Amino acid sequence: MMSVDSSSVTQLARATIGTSNSEQTEFCTGRRTYTHQFDELYAQRLSALKPAVEQAAAQRWSKVKPTASVLNVDGSRATYVVGTLFIDSGNKPSTLHQVENERWITDAHGTQYREAEDALVYLEDESGRIRLTGDRIPSMALASGIVAGVLGVETEKGDFEVADVCFAGMAPQKMRPVFGEDRFVVLVSGLGATPEQPVTLAMQLLAEALCGTLGASEMQAKMARVAQVVLVGDTIHVPPAPLGHADDARANDRAAVARLASQVDDYLADIAACMPLVVMPGARDPADTSLPQQPLPRGLFPRCAQYSGFSTMTNPTTMQLDGLQLLGSSGQNIEDLSRYSGEPAGKLAVASLRWRHLAPTAPDTLWCYPFTTHDPFVLTSSPHVYFIGNQNRHEALWVQGEDGQETRVVMIPRFCDTSQVVLLNMRTLECSTLDILS
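This is a predicted model, so every value here is computed, not measured.

About the criteria used
- Residues numbered from 1 in each chain as written.
- Predicted model: local features only at pLDDT ≥ 70, side-chain atom pairs only at ≥ 80, totals over all residues.
- Heavy atoms only, no water.
- Pairing = 2+ DSSP bridges.
- Helix = DSSP H or I, 4+ residues; strand = E, 2+ residues; numbered from the N terminus.
- Axes fitted to C-alpha atoms, helices over the stretch in contact; angles between N-to-C directions.
- Phe/Tyr/Trp six-rings, centres within 6.5 Å; stacked < 30°, edge-to-face > 60°.
- Buried < 20%, exposed > 50% of the residue type's maximum accessible area, 1.4 Å probe, protein only.
- Lys NZ or Arg CZ within 6 Å of the ring centre and 35° of its normal.
- Contact = heavy atoms within 4.5 Å.

(A) Structural view of the sheet that holds strand β6 (residues 160-166). Sheet architecture is closed into a barrel: five strands sit in the order β2-β3-β4-β6-β5, paired in mixed fashion. Averaged over all adjacent pairs, the angle separating strand axes in this sheet is 55°, with direction ignored. Where strand β4 (residues 128-133) meets β6, two bridges bridge the pair, whose relative direction is parallel. Of the residues in β6, the one forming a bridge with L132 is F160.

(B) Region of interest: the packing of aromatic side chains. Counted according to the given criterion, the structure contains six aromatic pairs. Note on Y113 and Y340: the rings are 4.9 Å apart at their centroids and 80° apart in plane angle, and the pair reads as edge-to-face. Here Y113 is found in the loop between α3 (95-100) and β3 (120-125), whereas its partner Y340 is found in the loop between α8 (332-337) and α9 (345-355), with 227 residues between them in sequence. Across the pair, exposure class does not vary: Y113 and Y340 are buried alike. Aromatic pair F301 and F310: ring centres 5.7 Å apart, planes at 65°, arrangement edge-to-face. Judged on exposure class, the residue F301 and its partner F310 are both buried. Over the face of the ring belonging to Y122 we find R129, whose NZ or CZ atom lies 4.9 Å from the ring centre.

(C) A look at unusual backbone geometry. Of note, the amide linkage connecting L291 to P292 takes the cis form, showing an omega dihedral of -5°. Summarising the element assignment, P292 is placed in the loop between β9 (277-280) and β10 (310-312). Of note, the amide linkage connecting A362 to P363 takes the cis form, showing an omega dihedral of 5°. With respect to the helices and strands, the residue P363 is situated in the loop between α9 and β13 (385-391). In the Ramachandran plot, D234 falls in the positive-phi region, its phi being about 55° despite a non-glycine side chain. Within the secondary structure, D234 is located in the loop between β8 (226-232) and α7 (254-272). Its identity is not glycine, yet N390 carries a phi of approximately 60°, on the positive side.

(D) Broad picture of the pairing of strand β17 (residues 431-435). Strand direction decides the pairing type here: strand β16 (residues 420-425) and β17, joined by five bridges, are antiparallel. Residue pairing for β17: V422 is matched across the bridge by T433. Counted along the chain from β16 to the antiparallel partner β17, the turn is five residues long, and its residue L429 has a positive phi close to 65°.

(E) How the structure looks around α9. With eight of 11 residues buried, α9 is to be regarded as a mostly interior element. What α9 keeps buried is the set G346, L348, A349, V350, A351, S352, L353 and W355. Residues of α9 that are buried make contact with α2 (39-60), α8, β13, β14 (395-400) and β15 (406-413). Looking one or two residues past α9, R356 carries a phi angle of roughly 60°, positive in sign.

(F) Representation of the sheet that holds strand β7 (residues 184-188). In spatial order, the strands read β10-β9-β8-β7-β16-β17; together these six strands make up an open sheet with mixed pairing. Every interior strand has two partners, whereas the edge strands, β10 and β17, have only one. On average, each strand axis in the sheet is inclined to that of its neighbour by 20°, with strand direction left out of account. Relative to β9, β8 runs parallel, the two being bridged by four bridges. Bridge assignment links L231 to a residue of β9, and that residue is V279.

Don't take any of this as a statement about function, it's just geometry.
Following this line, the structure appears as structure tokens:
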């Protein structure tokens, strides 16, 4: 394990930024209980987003009279109605079937829900549901759980032939802070530590680079301006089946996972000694499966916990760095959206901001906690930066709202596959990648 000379670290001109964890409390559930039904979550979502969608629809279709509810649609005239989309498809997994067969994690990679011949799109609200048809529907990037307004006319069969669709649009946004100098956030995703390879060569070189002991003077100067390092999920790869549920008894051995966590803690402590470090859970980490995933216990990282700049956060999470608002996900929400659409992951992330919802497919095909008083995935404000971890490649996009909102969407590649990390300039929101092995 690499040793760091603490005396040399303190001489570096670190641009430390205070991180406020108060904004991520909306994703903290405390003690979890699953005695509630998910219909309350859908009701809270529709209640929160319907006014914004109605406002957008009234502006878009100002000459058309709206209909208050799905079952009140009158086939004699064109109208628009607001509700929640639902995709019915034989390709979608059955949660009840999973529970009956004790298959707690479904490997649906590559399954496209809307490619099934029986795939149907509905709009529903508290009154009922109506099937959506028309040439636009098959070509649009739609998913279950999106609150939308649809313009069209009822057919003789009782379906709703859609001519146009609108969404809530981007949420309001606070003014972006102005920085007088370059400061960087290092975004790392998918370190992928395993019992066989707890610390790879690429991981070792990454730690040395972050601590300023690797590279030319130009790289060391840039690392000295790092304000925050964020590990965006899948830091520790545990067996694909939860402990205690694998068919092979050897996969239920907790000792191997405990040893791996200790080795990762030793590794991350070298980084935490140099700069502020945040760890988010992901799909492969030793964490709960349902979103929002709760922070990994600090007891999992006893050495890291000795440093004041170390923290563990939820997934998704929000953080504020000197007034710059960041929203992040370890990627499960975008991965599930991709099963409804062939659109690239970056475009789906952009679309979710315009839907004002981080994870619309939860709880239909994405596991989540059954909130009853609110839907925490509804966006009440647009972040300045929205980053998504565990992607195949890096991409940085801009998305702009109707009222001047501007968000930088950053796709972070899996480090274990690409050896790349993303450097986000807090002053300009421009992104660059650093390939540790190049």
